[in-house]
Amino acid sequence: RIMVLCDVSESVAWVAQFLLTFLYALTEALSDIRSFAYTGALVEVSAILENHTVDEAIARIMTTIGFGSSNYGASLVDFDEGFLQDVTHRTSVIILGDARGNGTDPRTDILAGIAQRARRVIWLNPEPRASWGTGDSDMYRYAPYCSLARVCGSLNDLERVMTDLLEDESGR
């Protein structure tokens, strides 16, 4: 089981299509996946991804949810209140986003709770590691609760992450 949370805020608009295309591909490839998109609020988008072409799905998600200001804490509260009960020791939670919360409370306590329930938490951040922790980035506050936190803003980055994940799985 996989649950993916994808940032579609203005700060990641430059890479949102890449992130959503990745999310769409996961939905096509895996049967037990739930997908969410967020800016200041978290919305389940599984049905949009399952029932539309990739271009239609991306357009619908961006029109409905995209381009707002990020509030990771509020999005985590939404996940906690609406979906945390579905996270088990068999669930991998993947977060796609830059961890820039615009100075809002990052609610690391909720990510800690997710990490305790989940098999693993993977954070794929499109920003270079040198940007993590600068300005309004809370990435270093979130990283301790992640099994894996990596830069992922290109196909090459994605290939490296997937290779590492597959090697990790085969080594278990």
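Further up the page is the structure itself.
Residue indices begin from 1 for each chain and proceed along its sequence in written order. A pLDDT threshold of at least 70 governs which residues receive local features in this predicted model, and a stricter bar of 80 or more applies before side-chain atom pairs are shown or counted, although totals over entire chains, interfaces and linings include all residues. The basis for every side-chain value is the complete set of non-hydrogen atoms in the structure, without hydrogens or water.

Draft legend 1. Looking closely at the overall build of the chain. When helices and strands are counted, the chain shows seven helices and six strands. Under the DSSP-based scheme used, a helix requires at least four consecutive residues in state H or I and a strand at least two consecutive residues in state E, with every element numbered from the N terminus. When the elements of the chain are put in sequence order from the N terminus, they spell out β-α-β-β-α-α-α-β-α-β-α-β-α. Here the globule rule reads 2.2 Å times residues to the power 0.38, and the radius of gyration is calculated from C-alpha atoms. The C-alpha radius of gyration computed for the chain amounts to 15 Å, which stays within 12% of the reference 16 Å derived for 172 residues, consistent with globular compactness. On the principal axes, the C-alpha backbone points of the chain span a range of 40 × 35 × 35 Å. Each of the 172 residues in the chain was classed as buried or not, and the buried ones make up 48%. Contacts: residue pairs with any heavy atoms within 4.5 Å of one another. Partitioning the intrachain contacts of the chain with sequence separation of at least 6 by distance along the chain shows that 78% fall at a separation of at least 24. About 8,000 Å² of surface is accessible on the chain, with carbon and sulfur atoms providing 49% of the total. For the purpose of counting charges, residues Lys and Arg are taken to be positive, whereas Asp and Glu are taken to be negative. His and the chain ends are not included. Think of each charge as sitting on NZ of Lys, CZ of Arg, CG of Asp or CD of Glu. Both charge centroids of the chain, one from 14 positive and one from 24 negative side chains, sit 6 Å from each other. Type-normalised accessible area, obtained with a 1.4 Å probe on protein chains alone, sets the label of each residue: buried when under 20%, exposed when over 50%, and partly exposed for intermediate values. To be clear on the numbers: accessible area is Shrake-Rupley with a 1.4 Å probe, and residue cover counts the displayed protein chains and nothing else.

Draft legend 2. Focus on unusual backbone geometry. With phi around 65°, Ala-99 is a residue other than glycine that occupies positive phi space. Tracing the backbone shows Ala-99 in the loop between β4 (92–96) and α5 (108–117). Phi at Arg-107 takes a positive value of approximately 50°, unusual for a residue other than glycine. Secondary-structure assignment places Arg-107 in the loop between β4 and α5.

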